[in-house]
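Structure at a glance
Each chain is listed here by its residues.
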Amino acid sequence: MSGQAFRIFDVEQDLIKANEKLAKEVQKVFHEKGIKTFDIVGAIGAGKTAILEALVERLKGKYRLALVTADVTTEIDADRIRRHGVECIQINTGRECALTASLLKNVLDKLPLNDVDILFVENVGNLICPADFVVGCDKRIVVVSITEGGHVIIKHPLLFKMSDVAVINKIDLRSIMDVDPEKMVEDALTINPSLKVVLTSAKTGEGIDELIKALGL
Ligand SMILES: Nc1nc2c(ncn2[C@@H]2O[C@H](COP(=O)(O)OP(=O)(O)O)[C@@H](O)[C@H]2O)c(=O)[nH]1
Ligand SMILES: [Mg+2]
């Protein structure tokens, strides 16, 4: 490796470490308030917001919920969540392809932390950038859909190693996709044997109750 490549690697490692330190501070705030927290990662269009909408509908009668949604530039996801009568803060990251603990820390004072049991944080749609950047949540949920192709999991091992629950979404489209969802489950468990893997359709509601169980809720 050239000297310059070394320096870029060192800077990246420093950023990851600094972010981890801040993530611990953010997590401490959540723990002090007794809030369970989940970070949802996955590509744009995998169905992260649709899964969250399905979860919110089922959970809002039982828990006090709050959400943070992130994307580069719009408020679309937050508006979708707010339609379910649940508090949602939108973060726009501009040029950044992942949330950081610092960005989440910046909106903590906008959340009703004393009146929340569960916080879901939808990360920016990306399967690579968020892998190294934890944000201070207890558990990470990775969402992929069968429309991303059967190799989407084995092509992104780091994100699956860094997650607690994997959701394989859009199984209602199983018959028109040349993809075997069971093989995707196998791939996920080969990468990370302690993952909980759930097949879902946010459209039909299939698998959503199983996902709630996998989240321990
Ligand atoms: N057929 C089908 N479409 C879905 C499902 N989940 C999400 N979608 C659609 O996929 C698109 C992207 O979903 P969205 O929730 O915005 O994905 P995100 O970018 O990961 O948050 C939308 O048009 C959804 O209606 C599903 O389980 N089945
Ligand atoms: Mg979304």
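The structure this text deals with has already been given above.
One structure accompanies this document, and this report is about it. (Residues numbered from 1 in each chain as written. Chains lettered and ligands numbered in written order. Predicted model: local features only at pLDDT ≥ 70, side-chain atom pairs only at ≥ 80, totals over all residues.)

Here we look at the overall build of the chain
- Along the chain, the regular secondary structure elements total seven helices and seven strands.
- Along the chain, from the amino end to the carboxyl end, the secondary structure elements read α-β-α-β-α-β-α-β-β-α-β-α-β-α.
- For 217 residues, the compact-globule estimate of 2.2 N^0.38 gives 17 Å, and the C-alpha radius of gyration of the chain, at 17 Å, lies within 12% of that figure.
- Once the C-alpha set of the chain is aligned to its principal axes, its extents read approximately 50 × 45 × 30 Å. (Helix = DSSP H or I, 4+ residues; strand = E, 2+ residues; numbered from the N terminus. Rg over C-alpha atoms; globule rule 2.2 N^0.38 Å.)

With respect to the site of ligand 1
- Around ligand 1, 16 residues are found, and the nearest of them are G47, K48, T49, A50 and K203.
- If you tally residues by element for the shell around ligand 1, the top one is helix α2 (residues 48–59), at three residues.
- By residue class, the composition of the shell around ligand 1 is five nonpolar, seven polar and four charged. (Near = placed C-beta within 6 Å. Nonpolar A, V, L, I, M, F, W, Y, C, P; charged D, E, K, R; others polar.)

Overview of α2
- For α2, spanning 12 residues, the distance from its first C-alpha to its last is 16 Å, which sits close to the expected 16 Å at 1.5 Å a residue.
- Along α2, the residues that are buried comprise K48, T49, A50, I51, L52, A54, L55 and V56. (Expected span 1.5 Å × (residues − 1). Buried ≥ 20, exposed ≤ 12 C-beta atoms within 10 Å, placed from the backbone.)

Some points on the nonpolar core
- Membership of the largest hydrophobic core comes to 60 residues, with the highest contact counts inside it found for V121, V135 and I168.
- Here the element with the most residues in this core is α2; it accounts for six residues.
- Look past the residues within four positions of V135 in its chain and what remains in contact with it is A23, V26, D39, L99, T100, A101, L104 and V121. (Core = buried A, V, L, I, M, F, W, Y, C linked by C-beta atoms within 7 Å. Contact = placed C-beta atoms within 7 Å.)

Points about the environment of L52
- Mapped onto the fold, L52 is located in helix α2.
- Linking L52 and Q27, residues 25 residues apart in sequence, is a C-alpha distance of 21 Å.
- Setting aside anything within four residues of it in sequence, one finds L52 in contact with I40, L67, I81, F120 and E122.

A closer look at the pairing of strand β4 (residues 118–122)
- Among the five residues of β4, five are classified as buried, and the element is accordingly described as predominantly covered.
- The alternating pattern of β4 places I118, F120 and E122 and L119 and V121 on opposite faces, both of which are buried.
- Judged from the five bridges that link them, strand β1 (residues 36–42) and β4 form a sheet pairing that is parallel. If you follow I40 over to β4, its bridge partner there is E122.
- Pairing of strand β2 (residues 65–71) with β4 involves five bridges; the strand directions are parallel. Bridge pairing in β4 links A66 to L119. (Pairing = 2+ DSSP bridges.)

Points about the sheet that holds β4
- Read from one edge to the other, the open sheet built from seven strands follows the order β3-β2-β4-β1-β5-β6-β7, with strand pairing classed as parallel. The open sheet has two free edges, formed respectively by β3 (87–92) and β7 (196–199), since each of these has just one partner strand. Sheet twist, expressed as the mean angle between neighbouring strand axes with direction ignored, is 20 degrees.
- Contacts from α2 reach β1, β2, β4, β5 (139–145) and β6 (165–169), with the element oriented near 165 degrees to β4. (Axes fitted to C-alpha atoms, helices over the stretch in contact; angles between N-to-C directions.)

Remarks on unusual backbone geometry
- A positive phi angle is found at K170, which is not glycine, with a value near 65 degrees.
- The residue K170 is located in the loop between β6 and α6 (181–191) in this model.

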